[in-house]
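# A look at the structure
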Amino acid sequence: MNADAIRSVKYASFTRLLHWVSALMIVGMIPIGVIMQQDGLERATQDFMFILHKNGGVILLMLVLARLLWRSVTPAPPPPAHLPQWQVTAAFTVQWGLYLMLLVMAISGYVRVRAGGFPIEMLDALNVPSFVPQSDPLAETAQTIHSNARFVLVALILVHVGAALRHAFARDGVFSRIWPPVGRG
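What counts and how
Residues numbered from 1 in each chain as written. Predicted model: local features only at pLDDT ≥ 70, side-chain atom pairs only at ≥ 80, totals over all residues. Heavy atoms only, no water. Helix = DSSP H or I, 4+ residues; strand = E, 2+ residues; numbered from the N terminus. Buried < 20%, exposed > 50% of the residue type's maximum accessible area, 1.4 Å probe, protein only. Contact = heavy atoms within 4.5 Å. Core = buried A, V, L, I, M, F, W, Y, C linked by side-chain atoms within 4.5 Å. Phe/Tyr/Trp six-rings, centres within 6.5 Å; stacked < 30°, edge-to-face > 60°. Patch = residues over 30% accessible without salt bridge, like charges linked within 9 Å, V, L, I, M, F, W, Y side chains within 5 Å. Areas by Shrake-Rupley, 256 points an atom, 1.4 Å probe, with all protein chains shown as cover. Salt bridge = Lys/Arg side-chain N within 4 Å of Asp/Glu carboxyl O. Expected span 1.5 Å × (residues − 1). Bend = angle between axes of the 7 residues up to and from the residue. Polar contact = N/O pair within 3.5 Å; in protein donor to acceptor, adjacent residues only side chain to side chain.

## Some remarks on the overall build of the protein chain
Along the backbone of the protein chain there are six helices and zero strands. Dimensions of the protein chain, computed from C-alpha atoms along their principal axes, come out at roughly 55 × 30 × 25 Å. Every one of the 185 residues in the protein chain was classed for burial, and the buried ones make up 35%. If you take every contact in the protein chain between residues at least 6 apart in sequence, the share linking residues at least 24 apart comes to 74%.

## Topic: the nonpolar core
General note: in soluble globular proteins, nonpolar side chains tend to be found buried as a group. With 17 residues, the main nonpolar core has Leu60, Leu98, Leu102 and Leu153 as its most contacted residues. Counting only elements with at least two residues in this core, the list comes to helix H2 (13–35), helix H3 (43–73), helix H4 (85–115) and helix H6 (136–170). Setting aside its immediate chain neighbours within four residues, leucine 98 contacts Leu153, Leu156, Ile157 and His160. Counting 10 residues, the second-largest nonpolar core is a separate cluster that includes Tyr110, Val113, Leu123 and Ala142.

## Looking at the packing of aromatic side chains
One pass over the structure, following the stated rule, counts seven aromatic pairs. Taking 6.5 Å as the distance between ring centres and 75° as the angle between the ring planes, the aromatic pair formed by tryptophan 20 and phenylalanine 175 counts as edge-to-face. Of this pair, tryptophan 20 sits in helix H2 while phenylalanine 175 is found in the segment after H6, placing the two residues 155 residues apart along the sequence. For the ring pair tyrosine 110 and phenylalanine 131, a centre distance of 6.4 Å and an interplane angle of 40° mean the geometry is tilted. On the criterion of sequence distance, the pair formed by tyrosine 110 in helix H4 and phenylalanine 131 in the loop between helix H5 (121–125) and H6 is long-range, its members being 21 residues apart. Cluster of aromatic residues (ring-pair linked, three or more members): Trp20, Phe175 and Trp179.

## Some remarks on the environment of methionine 36
Positionally, methionine 36 belongs in the loop between H2 and H3. For the pair methionine 36 and histidine 160, spaced 124 residues apart in sequence, the C-alpha separation works out to 26 Å. When near neighbours in sequence (up to four residues on either side) are disregarded, methionine 36 contacts Leu41, Gln46, Met49, Phe50 and His53.

## Remarks on a nonpolar patch on the surface
Together, Ile30, Val34, Ile35, Val154 and Leu158 make up an exposed nonpolar region whose accessible area comes to about 370 Å². For the nonpolar patch, the secondary structure elements donating two or more residues are H2 and H6. The leading source of residues in the nonpolar patch is H2, at three residues. Note that leucine 158 resides in helix H6. Taking relative accessible area as the criterion, leucine 158 reaches 58% and is therefore assigned exposed.

## Focus: H6
Look at H6: 51 Å from first C-alpha to last across 35 residues, which is about the 51 Å you get at 1.5 Å a residue. When the local axis directions of H6 are compared, the greatest deviation, roughly 25°, occurs at alanine 149. Along H6, the residues classified as buried are Ala139, Ala142, His146, Ser147, Ala149, Leu153, Leu156, Ile157 and His167. Elements in contact with the buried residues of H6: H2, H3 and H4. Between the side-chain oxygen of the N-cap and the backbone nitrogen of leucine 138 there are 3.2 Å, and the N-cap of H6 in question is serine 135. Directly beyond the C-terminal end of H6, a positive phi value near 50° is found at arginine 171.

## Describing unusual backbone geometry
Residue tryptophan 179 is joined to proline 180 through a cis peptide bond whose omega torsion reads 5°. Relative to the helices and strands, proline 180 resides in the segment after H6. Phi angles above zero are rare outside glycine, and asparagine 127 is one such case at about 60°. Note on placement: asparagine 127 falls in the loop between H5 and H6. Of note, the phi angle at arginine 171 is positive, near 50°, even though the residue is not glycine. Tracing the chain through its elements places arginine 171 in the segment after H6.

Now the structure itself:
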């Protein structure tokens, strides 16, 4: 595929920027979420990590909502014609699965924190009221959802990254649709 053909099917610059900022946020959120729950962690470190994770979740939710809104007005370019239909279907399924799981993670995290009676410092600073009542059973249910959904999210991320790497090494024009994060590429 020649450079002009690849360039014509690139995602919009803003789409690419949102994608890579979201990716960096997720890459940070996952280890923070795991480490903050470790036994023996100093309380001050654990508190700091919880604050980062909670507020990062708010930012990530805003990014996901921005991506969905942006995608509704700026559709993805058509897939390259050389891709087999099963790859097009798999890519579509994984991409929308990622959106869904990111929403599940953000909402369940929010419900877990608010129903548990804990602050979300960023929202509290903006005087955003809680949208859920304080409830231990609700907090526990949300925690269960959040804890289990992370495995689905990580699995989807691994499939997405694996496919991206395959296309990057194959130099078939698919990875270059989303890279570089900004500019004309």
